[in-house]
Amino acid sequence: MSDSIKHKIAELSHKIEEHNYNYYVLSNPVISDFEFDKLLIELIDLETNYPQYLKSDSPSQRVGGQVSKEFKNVKHKYPMLSLGNTYNEEDLRDFDERIKKAGLTKFEYVCELKYDGVSISLTYVDGKLTQAVTRGDGEKGDDVTANVKTIRSIPLRLRGENYPREFEIRGEIFMPKSEFIRINEEMRNQLIEDGYDEDEIAEKLLKNPRNAASGTLKQLDSKAVAERRLDCYLYSLLGENLPVESHYESLQDAGKWGLKVSADMEKVSSIEGVIKYLEKWDKKRHTLNVETDGVVIKVNSFEHQTYLGFTAKSPRWAIAYKFKAARVSTILESISYQVGRTGAITPVANLKPVQLAGTTVKRASLHNADIVEKLDVRVGDTVFVEKGGEIIPKIIGVDEKKRGHDLFSESSKPTNYITHCPECNTKLIRNEGEANHYCPNELGCPPQVKGKMEHFVSRKAMNIDSLGAETIAQLYDAGLLHSIADIYELKKYDLLKIDRMAEKSANNLLAGIDASKGVPFERVLFAIGIRHIGETTAKKLAYYFKNIDSLKNATLEQLLEVGDIGERSAQTIIDYFADNRIGKILEKLKKAGLQFELSEEQLTNTSEKLKDISFVVSGVFSKFSRDELKKTIEQNGGKNVSAISGKTNYLLAGENMGPEKLKKAEKLGVPIISEDDFIKMVST
Ligand code: IVH
């Protein structure tokens, strides 16, 4: 019996790794994701029941799980060197000359793309991945094996039999561009839900794929690494008595052992061939799903490599050529200033439209006054626009030679940064230590007021979905809405004055407004839009203080006692309630009948049973509605989260749940419980 289980586990492991190889190395999947997941679940089930057969190279290990306190620092068997850089054709020809002068006459080059990620050294012993170490200082690096095992394109076990008993292979771990975009989109949505403003969001998002790859690989929790799908190209085989004589051949062999080698490398017979390769990839590289920042040129034969040797820092037989970042020049037609929902001012460069790395660029952010001053950009200037690893184009400088010669700038003057809000003409302020100017007219500046209203009616707040951004703008412009409190004073005859507002939509809107009076206190608290107070914090405050008056009278110390409230948030709460105008708005809202305290039911039904336990609730349930279940979770101190991550404690699954969520939970090892399991959990 147990022998057959052992056999079954081995067979399943092998099958799954074959599919991983087809999918991630060959990019040629032969079964559906669903079938793949079924195999993986079957394997995980068996391994859970028979842990004695769980092997360190089982594909189930790719979902992560190991959490380290710190990484072990280990010495590289062969130091990890870097490469000399060149930036133009001439430098490359010099490199070629140096090799010839050293005495080589007939030799080949291998051209490879230079992938922009983090370098890694993998050790395989008897066909198994035993260690993965980062470059570190070149002599010693961090042992990140558990993290690297989550990368699906890196085989845990090699294919075939003809590999050396022990060898190292080095390469570049990177985050695919598509993955970078996916993660940032998800993060942005979550941050918006949590009440962050645009500036704070920009700060928190991943900056570029290279940073993201490096940050991910340094995570101590390997599950968090598994969630971000990193990838890896291998480009250098090292070991004693390798069965090959050249670099190119060695990588071809590595490919046969299941290791992922780029298909974009080429063997050429002279420097002319190298230059052709550069020209081809200078443009074509933008079509790849991986960032590249240059080309690496290597002398092919190992014998030639040994002959040429090393300098102190880098090999004499290889060199890097760096692509010029995609850059164009165009004219700065004007600078406009945007006022965000929170009053933050962003200067924006309006450019004469120009093509750059495959897209038309018309605008670029100038970030803040310091940047404008540092660049000394002036309207009419010819400016250089660059697209680096970052997705948004950047103005990197001014073509000073052209100043005074073109249409606008004959008498160009330095840009004077605005001193007053372009929307409401209030004098701008700049807090010490902050880069941005702010318009302090929170309650009177149109984009800020409209922004506050949009937030107030949004789904997670008062949920008045019949009142969209466009209607808010119309009502605001018509002078019918000045603050969120006015929403409850809208009359039907007012609404009918608005363009395209018919009787039916007016009724609808009024009904929506009326229904919002039943929205519970914690959401009202979120809706009123206290700076830095997101959905979760609002909930905590509501349950802690129970009504708006005790919150309003709370001291800094009391506020700090609430979990997760820091000095900054505590102070914004105090400042918020200290404002008389806010007091008036809140009074009006109270009169209108909004909930400013926890209901009887909320007050009586609380426990700490699920304290700090997080749930994703998904699907259709038979005994309770999804909202009731979510409420129960909160009332018992638990947390509802919308997306499954490695940190989620349970997936509470009903009927007809999305297959993606189920898959993700299974992959990440998040326990899946039913409605009945949950009821048991809270009632015992
Ligand atoms: S070969 C002796 N090949 O660029 C150095 N490096 O400065 C051997 N890189 O640290 C490196 N793509 O992280 C090589 N196809 C490629 C590469 C590559 C990216 C990175 C690598 C290395 C750095 C060189």
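Everything numeric in this text was worked out from a predicted model, so none of it was measured.

**Section: the site of the ligand**
In the vicinity of the ligand, 13 residues are found, and the nearest of them are E112, L113, Y115, E172 and Y235. In the environment of the ligand, a nitrogen atom lies 3.0 Å from a nitrogen or oxygen atom belonging to the backbone of L113. Those elements that place two or more of their residues in the shell around the ligand are β3 (109–115) and β10 (292–299). With four residues, the single largest contributor to the shell around the ligand is β3. Of the residues assigned to the shell around the ligand, the class counts are seven nonpolar, two polar and four charged.

**Topic: the packing of helix α2 (residues 33–49) against helix α25 (residues 659–668)**
Running from N to C, α2 and α25 point in directions that differ by 35°, and their axes come no closer than 10 Å. Like other packed secondary-structure pairs, α2 and α25 cross with a definite hand, here left-handed. Facing α2, whose interface residues are D33, D37, I41 and I44, α25 presents K663, E666 and K667. Looking at side-chain class alone, the contact of α2 with α25 contains two nonpolar, no polar and five charged residues.

**Remarks on the confidence of the model for the protein**
Per-residue confidence for the protein gives a mean pLDDT of 90; residues scoring 70 or more make up 97%. Ranking the helices and strands of the protein by mean pLDDT puts β3 first, with 98, and helix α6 (residues 198–204) last, with 75.

**A short note on the nonpolar core**
Core analysis: the largest hydrophobic core is formed by 55 residues, its most contacted members being F456, L541 and L589. Where this core is concerned, the elements lending two or more residues are α13 (446–457), α14 (469–477), α16 (503–515), α17 (521–527), α18 (535–545), α19 (548–552), α21 (567–578) and α22 (580–592). Apart from residues no more than four positions distant in its own chain, L589 is found in contact with F456, I484, A485, Y488, I528, L594 and F596.

**Describing the pairing of strand β12 (residues 326–339)**
Looking along a regular strand, one sees side chains alternate from face to face of the sheet. Across six bridges, β12 lies against strand β15 (residues 382–387) in antiparallel orientation. Within β15, the residue paired with V328 across the bridge is V385. Taken together, the seven bridges between β12 and strand β13 (residues 345–356) define a ladder with antiparallel strand orientation. When the bridges of β13 are listed, Y337 appears paired with P347. In this structure, the hairpin formed by β12 and β13 is closed by a connection of five residues, where G343 is found at a positive phi of approximately 95°.

**Let's talk about the packing of aromatic side chains**
For the coordinates displayed, the defined rule picks out 18 aromatic pairs. For the pair F310 and W317, a centre-to-centre distance of 6.2 Å together with 80° between the ring planes defines the contact as edge-to-face. The class for F310 is partly exposed, based on a relative accessible area of 47%. When the centroid spacing of 6.3 Å and the interplanar angle of 85° are considered together, the rings of F456 and Y488 count as edge-to-face. Taken together, the residues F456 in helix α13 and Y488 in the loop between α14 and α15 (492–495) connect sequence positions 32 residues apart. The pair F456 / Y488 is uniform in exposure class, with both members buried.

The rules behind the values
Residues numbered from 1 in each chain as written. Predicted model: local features only at pLDDT ≥ 70, side-chain atom pairs only at ≥ 80, totals over all residues. Heavy atoms only, no water. Near = heavy atom within 4 Å. Polar contact = N/O pair within 3.5 Å; in protein donor to acceptor, adjacent residues only side chain to side chain. Helix = DSSP H or I, 4+ residues; strand = E, 2+ residues; numbered from the N terminus. Nonpolar A, V, L, I, M, F, W, Y, C, P; charged D, E, K, R; others polar. Axes fitted to C-alpha atoms, helices over the stretch in contact; angles between N-to-C directions. Left-handed = near helix turned anticlockwise from the far one by under 90°. Contact = heavy atoms within 4.5 Å. pLDDT = per-residue confidence, 0-100. Core = buried A, V, L, I, M, F, W, Y, C linked by side-chain atoms within 4.5 Å. Buried < 20%, exposed > 50% of the residue type's maximum accessible area, 1.4 Å probe, protein only. Pairing = 2+ DSSP bridges. Phe/Tyr/Trp six-rings, centres within 6.5 Å; stacked < 30°, edge-to-face > 60°.

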